[in-house]
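Overview (structure and organization)
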Amino acid sequence: MKRFSWFNATSLTLGFAFLYLPMIILVIYSFNASKLVTVWAGFSTRWYGELLHNEEFLDAAWVTIKVAVFSSTLATVLGTMAAYVLVRSGRFVGRTLFSGMIYAPLVMPEVITGLSLLLLFIGIGLDRGVFTIVLAHTTFAMCYVSVVVSSRLTSFDTSLEEAALDLGCSPFDAFRLVTLPIIAPAVVSGWLLAFTLSLDDLVIASFTTGPSATTLPIKIFSAVRLGVSPEINALSTIMIAIVTVGVITASLISKRASVAQQRDEQAAARTQ
Amino acid sequence: MRRFVLIALPYLWLLCLFLIPFLIVLKISLSDTALARPPYMPQLDLAAGWEGVRAFFGDLDLENFWFLTTDDLYWKAYLSSLQIAALSTVLTLMVGYPMAYAMARAAPEWRPTLLMLVILPFWTSFLIRVYAWMGILSTEGLLNQLLLGLGVISTPLTILNTDTAVYIGIVYTYLPFMILPIYSALEKLDESLLEAAEDLGCSRAQAFWLVTIPLSKNGIIAGCFLVFIPALGEFVIPSLLGGSGTLMIGKVLWEEFFSNRDWPVASAVAIILLLILIIPIILFQRNEQKQREAEG
């Protein structure tokens, strides 16, 4: 490691300090007894207690989770279909338009996506609420899913599918028994990505929701506009904790899977 | 038959929920504001037959776009969005490149961990990461407390609610988008090329400038676009960290829609923003395609 100099070490240390210090400070101050967010007045879990009794936040959290589960599941189904069509289906009428519509939402500013969906829902007279947010989130999340899944689909051998078809599988069975298990990791990470995007979205949800459904980001945003509050610090800490545990677990599982795969491959190579 | 369903389902979904809504925005941007529900004119009256269609198209005009050019607010907002997005892209590159470089030079067994440390913030709520800075940058905030305590400054600085806070927010939240493509370009870099350059008489700095930078060019370009494009339409960061003087077009559009309730003008603002974005997006796709051709 002759090129790993003090300069590299410094830039990594400073860079990671920059990335993590704000969040660490947030976590520390969520245990602050004082109502003033910037004055430290001793350790307390008071704000977590208050949060648990705050009906508005709990309701918003429940709406958010419902929306995220429905929209990410729907987005995974549609996105996987779209990826399969793009990678496997060759030519069909309007293919360019289709692939354009898959990639365009990824770069479209959220304010525009939100505005256009709202105008559509008003135009067709659809009552806004959980259902319309689910529609909106599914639309942009399916594009992310299809990008993740199609990169996996392009990298694996089509002869496996062809073999299944030759051996008498119906196309659907070939997909279910051969293709799906192989692309499963990509489908799962697509779902997780869609889920996180939905949990996190403020702008599109604000445009497409009605008075009946407030998601957590909308709630946080309106609270935060009035200033920093210890309750929001507590809420943020819980969300950071969930994400950290989730990502670390996922990466440990995938690491174990890849170690197991390597071991199998080595064993297979020895027996040959 | 199955194939048809497979194609039709996602296709129709995107047509109905992506393309058609966009066409509606285009149409409303050409309409006039009206004090009715919905608050714009004209409405397509299909019951009136061909006459209705002709009256509908006859009433569309570019008035809203003219309005945008007459009011200073809008073009200033576009210009200042462009400036904020461009400058924060450069700043993100300056912070991200050394990190990506150091990661690519780290011991191979360390790289997955470092990579995860970069990706982890990406999974954490964007809103919360922006919010975290509010407590740090405010007048009584930790940064001011620290600087006062160290004796660097004697009166607290105003950072929150200024453009500076917006730059900090964008660099902070988009940093992973810059690091990842540069890292993946640098990781592939062949160490022997640098040794060759040094053997041929380059200094380390020259080798870095003449070999490393050009070979990571595609990563730099991809990273810059991935930061610049979303930063241009940013709404959350200027609303939470910026001040009343911070003009960004995403925020203007939001206010035009929710506060002024002027739907036609909001739609026109959206259309122009898209037109501005199309250029970098096309450039980005060209670059991606070139890269793929070069690799494959």
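This is a predicted model, so every value here is computed, not measured. Position labels on residues start from 1 in each chain and follow its written sequence. Here the convention is simple: chains get letters from A, ligands get numbers from 1, in the order in which they are written. Totals for whole chains, interfaces and linings use every residue, but because this is a predicted model, local features are given only for residues with pLDDT of at least 70 and side-chain atom pairs only at 80 or more, for both listing and counting. Working from all heavy atoms in the structure, the side-chain values ignore hydrogens and water.

Turning our eyes to something else, we now look at unusual backbone geometry. All names here are of chain B. A positive phi angle, close to 70°, is found at asparagine 161, a residue other than glycine. Relative to the helices and strands, asparagine 161 resides in the loop between helix 7 (142–150) and helix 8 (163–187). Only protein chains enter the accessibility calculation, which uses a 1.4 Å probe; a residue is then buried when its area is under 20% of its type maximum, exposed when over 50%, and partly exposed in between. A residue is classified by how much of its surface remains accessible, and asparagine 161, at 46% relative accessible area, is partly exposed. Backbone geometry places arginine 261, a non-glycine residue, at a positive phi of 55°. Numbered from the N terminus, helices here are DSSP runs of H or I no shorter than four residues, and strands are runs of E no shorter than two. Looking at the secondary structure, you find arginine 261 in the loop between helix 13 (249–258) and helix 14 (263–295).

We call two residues contacting when some pair of their heavy atoms lies within 4.5 Å. Contacts between chain A and chain B engage 80 residues on the former and 83 residues on the latter. Two parts placed together each lose some accessible area under a 1.4 Å probe, and adding up what both lose gives the buried area. Summed over both sides, the interface of chain A with chain B buries roughly 7500 Å², with 81% coming from carbon and sulfur. When a carboxyl oxygen of Asp or Glu lies within 4 Å of a side-chain nitrogen of Lys or Arg, that pair is called a salt bridge. Our count for the contact surface shared by chain A and chain B stands at zero salt bridges. Contacts described as polar in this section are N or O atom pairs within 3.5 Å, which, within protein, must combine one atom able to donate a hydrogen with one able to accept it, while residues neighboring in sequence count only if both atoms come from side chains. In this structure, the connection of chain A to chain B is made through eight residue pairs in polar contact (both at pLDDT 80 or more). In terms of residue count, the dominant contributor to the side of chain A that touches chain B is helix 1 (residues 6–29) of chain A (13 residues). Looking at the side of chain A that touches chain B, its residues break down into 58 nonpolar, 16 polar and six charged. For this scheme, ten residues count as nonpolar: Ala, Val, Leu, Ile, Met, Phe, Trp, Tyr, Cys and Pro. Four count as charged, namely Asp, Glu, Lys and Arg, and the remainder, Gly too, count as polar.

On to the pattern of salt bridges. Residue and element names in this part refer to chain A. Scanning the entire structure with this criterion turns up six salt bridges over all chains. Note that lysine 219 and glutamate 56 form a salt bridge whose closest N and O atoms lie 2.4 Å from each other. Here the residue lysine 219 occupies a position in helix 10 (residues 216–224), and glutamate 56 occupies one in helix 3 (residues 55–88), the gap between them amounting to 163 residues. On the accessibility criterion, glutamate 56 (49% relative accessible area) is partly exposed. Note that arginine 88 is salt-bridged to glutamate 161, the shortest N-O span being 3.2 Å. Here the residue arginine 88 occupies a position in helix 3, and glutamate 161 occupies one in helix 7 (residues 158–166), the gap between them amounting to 73 residues. With a relative accessible area of 21%, arginine 88 lands in the partly exposed category.

The next subject is helix 4 (residues 72–105) of chain B. All names here are of chain B. In a helix, the anticipated span is given by 1.5 Å times the number of residues less one. In a regular helix each residue adds 1.5 Å, so 34 residues correspond to 50 Å; helix 4 covers 49 Å between its end C-alpha atoms and thus fits that length. Along its length, helix 4 reaches its greatest deviation from straightness, about 30°, at glycine 96, and the proline proline 98 lies no more than four positions downstream. Capping of helix 4 at its N-terminal end is provided by aspartate 71; its side-chain oxygen lies 3.1 Å from the backbone amide nitrogen of leucine 73. Here the bend at each residue means the angle between axes fitted to two seven-residue stretches, the one ending at that residue and the one beginning there.

With that settled, the discussion passes to the packing of aromatic side chains. Pairs were defined over the aromatic rings of Phe, Tyr and Trp, the Trp ring being its six-membered one, requiring ring centres within 6.5 Å. Orientation was assigned from the angle between planes: stacked under 30 degrees, edge-to-face over 60, tilted for the rest. Scanning the entire structure with this criterion turns up 29 aromatic pairs over all chains. Relative to A:Tyr20, the ring of A:Phe16 has its centre 6.5 Å away and its plane inclined at 35°; by these criteria the two rings are tilted. Of this pair, A:Phe16 and A:Tyr20 both sit in helix 1, four residues apart, roughly one helical turn. Note on A:Phe16: relative accessible area 11%, which makes it buried. An angle of 80° between the planes, with centres 5.6 Å apart, marks the rings of A:Tyr29 and A:Trp40 as edge-to-face. Remark: A:Trp40 occurs in the loop between helix 1 and helix 2 (46–52) and A:Tyr29 occurs in helix 1; sequence separation between them is eleven residues. The class for A:Tyr29 is buried, based on a relative accessible area of 14%. On the accessibility criterion, A:Trp40 (40% relative accessible area) is partly exposed. Joined through ring pairs, the aromatic side chains of A:Phe207, A:Phe221, B:Phe235, B:Trp254, B:Phe257, B:Phe258 and B:Trp263 make up one cluster. We count a charge as sitting over a ring when the NZ of a lysine or the CZ of an arginine lies within 6 Å of the ring centre and within 35 degrees of the ring normal. Across from the ring centre of B:Tyr101, 5.1 Å away, lies the NZ or CZ of B:Arg105, which sits over that ring.

Moving on: the packing of helix 5 (residues 110–123) of chain A against helix 1 (residues 2–29) of chain B. Between N-to-C directions, angles span 0 to 180 degrees; the directions come from axes that are lines fitted to C-alpha atoms, helices contributing only their stretch in contact. It is at 8 Å that the axes of helix 5 of chain A and helix 1 of chain B come closest, and there the two elements cross at 90°. Between helix 5 of chain A and helix 1 of chain B, the angle is such that the two are roughly perpendicular. Contacts between helix 5 of chain A and helix 1 of chain B involve A:Leu115, A:Ser116, A:Leu117, A:Leu119, A:Leu120 and A:Phe121 from the first element and B:Cys16, B:Leu17, B:Ile20, B:Pro21, B:Phe22, B:Ile24, B:Val25 and B:Ile28 from the second. The residue makeup of the contact of helix 5 of chain A with helix 1 of chain B, split by class, is 13 nonpolar, one polar and no charged. For classification, angles of less than 35 degrees are called roughly parallel, those exceeding 145 degrees roughly antiparallel, those between 65 and 115 degrees roughly perpendicular, and all remaining angles oblique.

Once that is clear, we can look at the nonpolar core. For this analysis, a nonpolar core means a set of buried residues of the types Ala, Val, Leu, Ile, Met, Phe, Trp, Tyr and Cys, connected via side-chain atoms within 4.5 Å. Counting 153 residues, the largest nonpolar core has A:Phe98, A:Phe207 and B:Val236 as its most contacted members. When neighbours within four sequence positions are excluded, A:Phe98 is seen to be in contact with A:Ala82, A:Val85, A:Leu86, A:Phe92, B:Pro10, B:Tyr11 and B:Leu14.

This part takes up the confidence of the model for chain A. In this model, chain A carries an average pLDDT of 88, and 98% of its residues clear a pLDDT of 70 or more. When the elements of chain A are averaged for pLDDT, helix 11 (residues 230–271) of chain A gives the smallest value, 83, and helix 9 (residues 203–208) of chain A the largest, 95. By definition, pLDDT measures how confident the predictor is in each residue, and it falls between 0 and 100.

On to the environment of B:Val211, then. Residue and element names in this part refer to chain B. By the element assignment, valine 211 lies in helix 10 (residues 204–215). For valine 211, a relative accessible area of 15% corresponds to the buried category. Residues valine 211 and leucine 189 lie 22 residues apart in sequence; the distance between their C-alpha atoms is 9.5 Å.

Residues and elements named next belong to chain B. Summing up the model confidence of chain B, the mean pLDDT is 87 and the portion of residues at 70 or higher is 93%. Mean pLDDT across the elements of chain B bottoms out in strand 2 (residues 40–41) (68) and peaks in helix 8 (95). In the model output, the complex is listed with pTM 0.89 alongside ipTM 0.88.

With that settled, consider a nonpolar patch on the surface. All names here are of chain A. A surface patch of nonpolar side chains, amounting to about 520 Å² of accessible area, comprises Leu21, Ile24, Ile28, Trp40 and Phe43. Relative to the elements of secondary structure, isoleucine 24 occurs in helix 1. Taking relative accessible area as the criterion, isoleucine 24 reaches 43% and is therefore assigned partly exposed. Each patch is built from residues lacking any salt bridge and having more than 30% relative accessible area; the joining distance is 9 Å for like charges and 5 Å for nonpolar side chains (Val, Leu, Ile, Met, Phe, Trp, Tyr). Note on areas: Shrake-Rupley, 1.4 Å probe, and residue coverage restricted to the protein chains presented here.

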